[in-house]
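Structural features, examined
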Amino acid sequence: MVDQKKVQEAIKLLLEGIGEDTDREGLKETPERIGRMYEEICGGMDQDAGEHLSKVFSVDNNEMVLEKDITFYSMCEHHLMPFYGKAHVAYIPDGKVVGLSKLARTVEVYARRLQIQERMTAQIADDIMKYLAPQGVMVMLEAEHMCMTMRGIKKPGSQTVTMVTRGVFAENKELQDRFLQLVNR
Ligand SMILES: Nc1nc2c(ncn2[C@@H]2O[C@H](COP(=O)(O)OP(=O)(O)OP(=O)(O)O)[C@@H](O)[C@H]2O)c(=O)[nH]1
Ligand SMILES: [Zn+2]
């Protein structure tokens, strides 16, 4: 839960700190707006991906399932600036699958908080391993970090790619290649 009082006081102070007039029309409601916005962009902190991943269905067919191009928006914890892009999530079931939307819901749980991309990638993979107990998981995130494009080194268009493999994906290069082929198709 976001502490609205603290966030709103902090934003007012920040505006004063950068030399703004917090009473001018456009800024008067900004602390409240930002407070509401943080409820949304940090909403994943109050959620547990287990709620989504615990609802499983039995299957006989243990072929790879890939949900690719899942759009996400997250916030870099170093600069409080957005990073955003696509997540690709694959697993090889061991008799159990989840509803496809639950993979995207898991991405949302970990995107909607302050993050670094590597940790977010690992958290998605680890929760799928934990709740679904598949033979293996592979997660890849491709994202643009605004702290790299709008400020600092200023390299618009640069993409950060992170990958995590668990279970059979970690040991089997052919499976990894198949994942990459499907993602890049
Ligand atoms: N590994 C990793 N680094 C990130 C991520 N998001 C931002 N960063 C980096 O975090 C680093 C913070 O570096 P610092 O030297 O403490 O901060 P800074 O002086 O603002 O760094 P510059 O961005 O180089 O100007 C920067 O190199 C960012 O590019 C992320 O998701 N993963
Ligand atoms: Zn950053």
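Since the structure is predicted, the reported quantities are computational estimates derived from the model, not experimental observations. (Residues numbered from 1 in each chain as written. Chains lettered and ligands numbered in written order. Predicted model: local features only at pLDDT ≥ 70, side-chain atom pairs only at ≥ 80, totals over all residues.)

**Notes on the overall build of the protein chain**
Under the convention used in this document: In DSSP terms, a helix is any run of H or I states spanning at least four residues, a strand is any run of E spanning at least two, and both are numbered starting from the N terminus. Any residue with 12 or fewer other C-beta atoms within 10 Å of its own C-beta is exposed, any with 20 or more is buried, and the rest are partly exposed; the C-beta atoms used are placed from the backbone.
Summing up its helical and strand segments, the protein chain has nine helices and seven strands in all. Across the 185 residues that make up the protein chain, the buried fraction comes to 26%.

**Describing the site of ligand 1**
Basically, it comes down to this: Any residue whose backbone-placed C-beta atom lies within 6 Å of a molecule or strand is treated as near that molecule or strand. In the scheme used here, Gly and all other residues not listed as nonpolar or charged are polar, with Ala, Val, Leu, Ile, Met, Phe, Trp, Tyr, Cys and Pro taken as nonpolar and Asp, Glu, Lys and Arg as charged.
In the region of ligand 1, the neighbouring residues are Cys76, His78, Ile116, Gln117, Glu118, His145, Cys147, Met148, Gly152 and Ile153. When residues of the shell around ligand 1 are traced back to their parent elements, those giving at least two are helix H6 (117-132) and helix H7 (146-149). The class makeup of the residues in the shell around ligand 1 is five nonpolar, four polar and one charged.

**Overview of the nonpolar core**
Our working rule: The nonpolar core criterion groups buried Ala, Val, Leu, Ile, Met, Phe, Trp, Tyr and Cys residues into a set whenever they are joined through C-beta atoms within 7 Å. Contact definition: two residues whose C-beta atoms, as placed from backbone geometry, lie within 7 Å.
If you look at the biggest cluster of nonpolar residues, it comprises 29 residues, and the most contacted ones within it are Val89, Val107, Ile124, Ile128, Val137, Met138 and Val139. Those elements that place two or more of their residues in this core are strand E3 (81-92), helix H5 (100-111), H6, strand E6 (136-145) and helix H9 (173-184). In this structure Val139 touches Ala87, Val89, Thr121, Ile124, Ala125 and Val164, once residues within four positions along its chain are discounted.

**Points about the packing of H5 against H6**
Where we set the bar: Lines fitted to the C-alpha atoms define the axes, with helices restricted to the stretch that makes contact. Angles between their N-to-C directions range from 0 to 180 degrees. Note on angle classes: values under 35 degrees are labelled roughly parallel, values over 145 roughly antiparallel, values of 65 to 115 roughly perpendicular, and the remainder oblique. For any helix crossing, the convention is left-handed if the near helix is rotated counterclockwise from the far helix by under a right angle, and right-handed if that rotation is clockwise.
It is at 9 Å that the axes of H5 and H6 come closest, and there the two elements cross at 135°. With respect to each other, H5 and H6 are oriented oblique. Seen along the crossing, H5 lies across H6 with a hand that is right-handed. Between H5 and H6, the residues in contact are Thr106, Val107, Tyr110 and Ala111 and Met120, Gln123, Ile124, Asp127 and Ile128, respectively.

**Re the UniProt feature "domain: GTP cyclohydrolase I" (unreviewed entry) in the protein chain**
Inclusion rule: UniProt positions are given in the numbering used here, feature names are shortened, and annotations may be inferred rather than shown by experiment.
When the UniProt feature table is mapped onto this chain, "domain: GTP cyclohydrolase I" (unreviewed entry) is found at residues 8-183. Within residues 8-183, the helical portion is 44% and the strand portion 28%, while the C-alpha atoms at the span's ends are 42 Å from each other.

**A short note on the UniProt feature "binding site: Zn(2+)" (unreviewed entry) in the protein chain**
According to UniProt, the positions carrying the feature "binding site: Zn(2+)" (unreviewed entry) are Cys76, His79 and Cys147. These residues run over 72 residues, yet every pair of their C-alpha atoms falls within 7.8 Å of each other. Looking at where Cys76 falls in the secondary structure, it is placed in strand E2 (residues 65-76). On the basis of neighbour counts, which here come to 18 C-beta atoms within 10 Å, the residue Cys76 falls in the partly exposed class. The residues contacting Cys76, other than those within four sequence positions of it, are Met81, Phe83, His145 and Cys147. When you line up the elements, Cys147 lands in helix H7. Under the C-beta neighbour-count criterion, Cys147 is labelled partly exposed, with 16 such atoms within 10 Å. If near-sequence neighbours (up to four positions away) are discounted, Cys147 is found in contact with Cys76, His78, His79, Met81 and Gly152.

**Some remarks on H5**
Since there are 3.6 residues in each turn of an α-helix, residues three or four apart along the chain are aligned in direction. Note the following rule: One less than the residue count of a helix, multiplied by 1.5 Å, gives the span that helix is expected to have.
The end-to-end C-alpha distance of H5, which contains 12 residues, comes to 18 Å, matching closely the 16 Å that a straight helix rising 1.5 Å per residue would cover. Those residues of H5 that fall on the buried side of the exposure criterion are Lys102, Leu103, Thr106, Val107, Val109, Tyr110 and Ala111. Summarising the contacts, the buried residues of H5 are in contact with helix H4 (50-53), E2, E3, strand E4 (96-98), strand E5 (114-115) and H6.

**Focus: the sheet that holds E3**
Applicable threshold: Only strands that DSSP links by at least two bridges are regarded as paired with each other.
Taken in spatial order, the five strands line up as E5-E2-E3-E6-E7 in an open sheet, and their pairing is mixed. Each of the sheet's edge strands pairs with one partner strand only, and the pair in question is E5 and strand E7 (160-167). Taken together, the two bridges between E2 and E5 define a ladder with parallel strand orientation. The residue of E5 that forms the bridge with Cys76 is Gln115. Along the sheet, H9 contacts E2, E3, E6 and E7; its crossing angle with E2, the most-contacted strand, is approximately 75°.

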